[in-house]
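A look at the structure
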Amino acid sequence: MLHPTEPAAPGPLTETQARDVLLALCWPDGQKFCPRCNTPSPYQLAGGRLRCGGCRYTFHDFTGRWLNETGLSPLKWMALAQAFTRELNTRETAARIGISYNTAFKALTALRLAILAQGADAPQMLAPGAPLSVFLDGGEPEEQAQVSGTGLPVYGILNRSQRLFVDLLPELTAESVLHFNHNFHLRVARHGSILITDRYKTYDALILCGDETLPYHYLLRHPGLIFAESGGSPFWDFAKPRLKQFKGLSWRRFPLYLKELALRFNLRGHDLTPTLLGALCAPVPKLA
Ligand SMILES: [Zn+2]
């Protein structure tokens, strides 16, 4: 069996080898357990299925993992992770792997959710009723949009010990940013639908993605540059041109891209693929 931390053997992997790599990431010590009640040592059934001796739940090796969210094979998931590492866009990824644009879009969304789910603030973003819960419910985000304009979420960008963090700030909304801008002279720069501020408390910047109902005209211009655009934030220098490349940037997808860019920034100069595969093999959090 190929171990994921060992360099890949020369030549393309087979589907079986790819599956072994992902299995080792899902079950690091080989000990399987029920994804529903965590009872160990499920029975092996025909067709590779497993059954829990505790709750009788029938599952398979990838049940409850992010990579189970679409119908991609292990080999295609690995190719998708490699395409993502190389920053191919959705269309290029679809062409390289030989899947439809829609399938690539869904798989890339699952990958971005898997990255986001590793953050400490994931429960606040993915729990029922939270802005991103629609991605877990399988619903149509447009139909379930409950917040807009001044109620939209705000994120803080923070550099600590050589590591970049992007955190959801649940106590703030777009309205807070407009308020700070008006009443406390907080500088705000606008890039399309994205607003980024000067330093705020311990954060290098606050950042948000507005929608068409956000009153951008309400922003006041204060003299001088924001910290992030005066050489203060290598992350913003890295993220700004990349954010422009994302098609259909919306406030709801915005944190997916922010978390992706934070990961890319923190691992720049390293191969992203092992981290991506690890995230895909992690269990989808149960937040209900
Ligand atoms: Zn069980």
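Each value, and the rule that gives it
- Residues numbered from 1 in each chain as written.
- Predicted model: local features only at pLDDT ≥ 70, side-chain atom pairs only at ≥ 80, totals over all residues.
- Helix = DSSP H or I, 4+ residues; strand = E, 2+ residues; numbered from the N terminus.
- Expected span 1.5 Å × (residues − 1).
- Buried ≥ 20, exposed ≤ 12 C-beta atoms within 10 Å, placed from the backbone.
- Contact = placed C-beta atoms within 7 Å.
- Pairing = 2+ DSSP bridges.
- Axes fitted to C-alpha atoms, helices over the stretch in contact; angles between N-to-C directions.

Attention now goes to helix α2 (residues 74-85). The end-to-end C-alpha separation of α2 is 17 Å, in line with the 16 Å expected for 12 residues at 1.5 Å each. Of the residues making up α2, those classed as buried are Pro 74, Trp 77, Met 78, Ala 79, Leu 80, Ala 81, Ala 83 and Phe 84. Among the structural elements, α1 (15-26), α3 (90-97), α4 (101-116) and α11 (273-280) are those in contact with the buried residues of α2. Of the residues one or two after α2, Glu 87 is the one with positive phi, at around 60°.

Attention now moves to the sheet that holds strand β4 (residues 153-160). The strands making up a sheet associate through hydrogen bonds between their backbones, and the pairing can be parallel or antiparallel. Spatial ordering of the open sheet is given by β5-β4-β8-β7-β6, a layout of five strands whose pairing is antiparallel. Looking at the sheet topology across the chains shown, the edges are occupied by β5 (163-173) and β6 (188-191). The average undirected angle you get between the axes of adjacent strands in this sheet is 25°. The sheet contact formed by β4 and β5 spans seven bridges and is antiparallel. By the bridge assignment for β5, Tyr 155 is matched with Leu 168. Contacts from helix α8 (residues 174-183) reach β4, β5, β6, β7 (194-197) and β8 (205-209) within the one sheet, and its direction differs from that of β5 by about 90°.

Coordinates in, geometry out; function isn't part of it.
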